[in-house]
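Below are the chains, spelled out letter by letter.
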Amino acid sequence: MIEILSSILASDVLNMGADVRRMQEAGVDSLHVDIMDAHFVPNLSFGPAVSAALKKEFPCYHQDVHLMMDHPENYIDTFIANGAGAVTIHAEIPGNVQEILGHIREKGIKAGVSVKPGTDAEAIRDLLPLCDLVLVMTVEPGFGGQKFMPDMMPKIRALREMGYQGQIMVDGGINAETAKEAVAAGADALVMGTALLKAEDPAAVVKACKALGD
Ligand code: DX5
Ligand code: ZN
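Nothing here was measured: the structure is a model prediction, and the numbers come from that model.

Reading the values: rules and limits
- The written sequence of each chain sets the order in which its residues are numbered from 1.
- Chains carry letters from A onward and ligands carry numbers from 1 onward, assigned in written order.
- Local features in a predicted model are, by the rule used here, given only for residues with pLDDT of at least 70; side-chain atom pairs are given and counted only at 80 or more, and totals for whole chains, interfaces and linings are based on all residues.
- The side-chain values count all of the structure's non-hydrogen atoms but skip hydrogen atoms and water molecules.
- Put simply, a salt bridge is a Lys or Arg side-chain nitrogen that is within 4 Å of an Asp or Glu carboxyl oxygen.
- Starting at the N terminus, helices and strands are each numbered in turn, a helix being any DSSP run of H or I of at least four residues and a strand any DSSP run of E of at least two.
- Each residue gets one of three labels from its accessible area relative to the maximum for its type: buried under 20%, exposed over 50%, partly exposed in between, using a 1.4 Å probe on protein chains only.
- Any nitrogen, oxygen or sulfur atom within 2.8 Å of a metal ion counts as a donor, with the limit raised to 3.2 Å for Na, K and Ca, and since water is left out, coordination shells can look unfinished.
- Note on geometry labels: four donors, all angles 85 to 135 degrees, give tetrahedral; four donors become square planar and six octahedral when opposite donors are over 155 degrees apart and every other angle is between 65 and 115; remaining cases are irregular.
- In this text, near means that some heavy atom of the residue lies within 4 Å of the molecule or strand in question.
- N or O atoms within 3.5 Å of each other form a polar contact, as long as, within protein, one can give a hydrogen and the other can take it, and as long as residues adjacent in sequence are counted only when both atoms are side-chain atoms.
- Using the Shrake-Rupley algorithm and a 1.4 Å probe, accessible areas are obtained, with residue cover drawn only from the displayed protein chains.
- Residue type decides the class: Asp, Glu, Lys and Arg count as charged, Ala, Val, Leu, Ile, Met, Phe, Trp, Tyr, Cys and Pro as nonpolar, and the leftover types, Gly among them, as polar.
- Two strands form a pair only when DSSP identifies at least two bridges running between them.
- In this analysis, axes come from line fits to C-alpha atoms, helices being fitted only over the stretch in contact, and the angle between any two N-to-C directions falls in the range 0 to 180 degrees.
- When checking whether two residues touch, look at their non-hydrogen atoms; a contact exists if any pair is within 4.5 Å.
- Among buried residues, those of type Ala, Val, Leu, Ile, Met, Phe, Trp, Tyr and Cys that are joined through side-chain atoms within 4.5 Å constitute a nonpolar core.
- The arc under discussion is defined with respect to the helix axis, by the directions toward the C-beta atoms.

Undergrad: Is there a simple way to explain the pattern of salt bridges in this structure?
TA: Between side chains of opposite charge, a pair can form when the charged atoms approach closely. This model, assessed by the stated rule, comprises eight salt bridges. Between R22 and D19 there is a salt bridge, with the nearest N and O atoms lying 3.3 Å from each other. Taken together, the positions of R22 and D19, both in helix α1 (residues 16–25) and three residues apart, correspond to about one turn of that helix. Note on D19: relative accessible area 11%, which makes it buried. The residue D132 makes a salt bridge to R105 at a minimum N-O spacing of 3.1 Å. Residue D132 is found in the loop between β5 (110–115) and β6 (133–137), and its partner R105 is found in helix α4 (residues 97–106); the two are separated by 27 residues along the sequence. With a relative accessible area of 33%, R105 lands in the partly exposed category.

Undergrad: When you look at the coordination of the zinc ion (ligand 2) in this model, what are you seeing that I'm missing?
TA: Each pair of donors in an ideal octahedron of six around a metal sits at 90 or 180 degrees, and each pair in an ideal tetrahedron of four sits at 109.5 degrees. Looking at the zinc ion (ligand 2), one finds its protein donor set to be H32 (NE2), D34 (OD), H66 (ND1) and D171 (OD), positioned 2.1 to 2.3 Å from the metal centre. With six donor atoms in place around the zinc ion (ligand 2) and angles of 69 to 169° between them, the coordination shape is octahedral. All donor residues of the zinc ion (ligand 2) come from one chain, and their arrangement in sequence is H-x1-D-x31-H-x104-D. Here H32, found in strand β2 (residues 30–36), pairs with H66, found in strand β3 (residues 62–68); they are 34 residues apart in sequence, far enough to count as distant. The same class applies to H32 as to H66, namely buried.

Undergrad: Teacher, can you tell me more about the site of ligand 1 here?
TA: Looking at ligand 1, there are 20 residues lining it, with D34, G142, D171, G173 and T194 nearest. G145 has a polar backbone atom sitting 2.8 Å from an oxygen atom of ligand 1. Expressed as a share of its isolated accessible area of 380 Å², the protein-covered part of ligand 1 is 99%. Put simply, the parts of the chain that give the shell around ligand 1 at least two residues each are β2, β3 and β8 (189–192). The biggest single contributor to the shell around ligand 1 is β2, with three residues. The class makeup of the residues in the shell around ligand 1 is eight nonpolar, 10 polar and two charged.

Undergrad: How should the sheet that holds strand β7 (residues 167–171) be read in this particular structure?
TA: Consider a sheet: its strands pair through backbone hydrogen bonds, and that pairing is either parallel or antiparallel. Within the closed barrel, the eight strands sit side by side as β1-β2-β3-β4-β5-β6-β7-β8. Their pairing is parallel. Across this sheet, the average inter-strand angle for adjacent strands is 25°, counted without regard to direction. Of the strand pairs in this sheet, strand β1 (residues 3–7) and β2 are connected by three bridges, and their pairing is parallel. If you follow S7 over to β2, its bridge partner there is H32. The strands touched by helix α5 (residues 153–161) are β5, β6 and β7; relative to β7, the strand with the most contacts, the crossing angle is about 170°.

Undergrad: Can you walk me through the nonpolar core in this structure?
TA: Looking at soluble globular proteins, one finds that nonpolar side chains tend to be buried together. Judged by nonpolar contacts, the single largest core of 68 residues is most densely connected at V87, I89 and L190. The contact partners of I89, leaving out residues within four places of it in the chain, are L67, P72, I76, V97, I100, L101, I104, G112, V113 and S114. Counting residues in hydrophobic clusters, the runner-up holds nine residues, among them L5, L133, M137 and M169.

Undergrad: Explanation requested: helix α6 (residues 178–185) in the structure shown.
TA: Spacing of three or four residues puts side chains on the same side of an α-helix, whose turn is 3.6 residues. All of the buried residues in α6 are T178, A179, A182, V183 and A185. One side of α6 holds all its buried residues, which, seen down the axis, span an arc of 160°. Here the buried face of α6 lies against α5, β7, β8 and α8 (202–211). Phi turns positive, to about 130°, at G186, one or two residues after α6.

This is the structure in structure tokens:
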């Protein structure tokens with residue numbers, strides 16, 4: 001089964017609710033909530049209030065929170081209280097990544113680790129038993145609408161070769177075409193911003209991507 005997630009980063013912020021409803025109607029499984037701190041990445045996006053507002057309006061919609069920030073430990077409990085069903089932190093942050101992953105799992109939600117393009121699979125080998133998902137960035141994190149990096153595919157293969165059986169999610173420049181490469185390499189969760197939000201027929205994109213798992 002392929003999980004399809006739509007990134008709210010590509011939505012019209014003044015009409016986010018309408019965009020989320022459109023995604024839900026198109027068959028998108030979950031919401032991907034990109035949180036940026038203007039420090040770990042050179043951009044600033046949303047805070048925990050967005051999570052809470054989405055939870056209130058869409059109580060049953062799974063929220064996958066991608067924390068592109070240093071010191072995520074200061075915010076994790078708030079995001080969980082506000083409705084996150086999964087929280088992903090970056091492997092490259094200062095601090096004890098293992099401890100933070102353990103804390104997320106203790107709270108009863110999915111824990112994920114994400115790797116920037118420059119971080120290889122070997123760097124997170126020891127973290128794999130602590131993760132329900134690994135998020136492989138297929139662009140440099142920070143902005144939507146960038147070009148997919150096919151040279152990240154060997155990283156996905158390496159993670160599967162290490163025996164990782166949890167979810168492998170890809171994020172950045174994913175569309176119905178690039179999704180084929182990612183799924184062939186071993187990914188089973190696809191984050192899409194531009195390709196879904198700006199699509200004329202997002203349901204067709206979802207259908208084509210879901211079919212890659214058949
Ligand atoms: C980038 C974010 C992505 C972004 C993807 O740093 O993590 O989730 O929204 O956007 P697209 O699909 O447009 O590359
Ligand atoms: Zn993301």
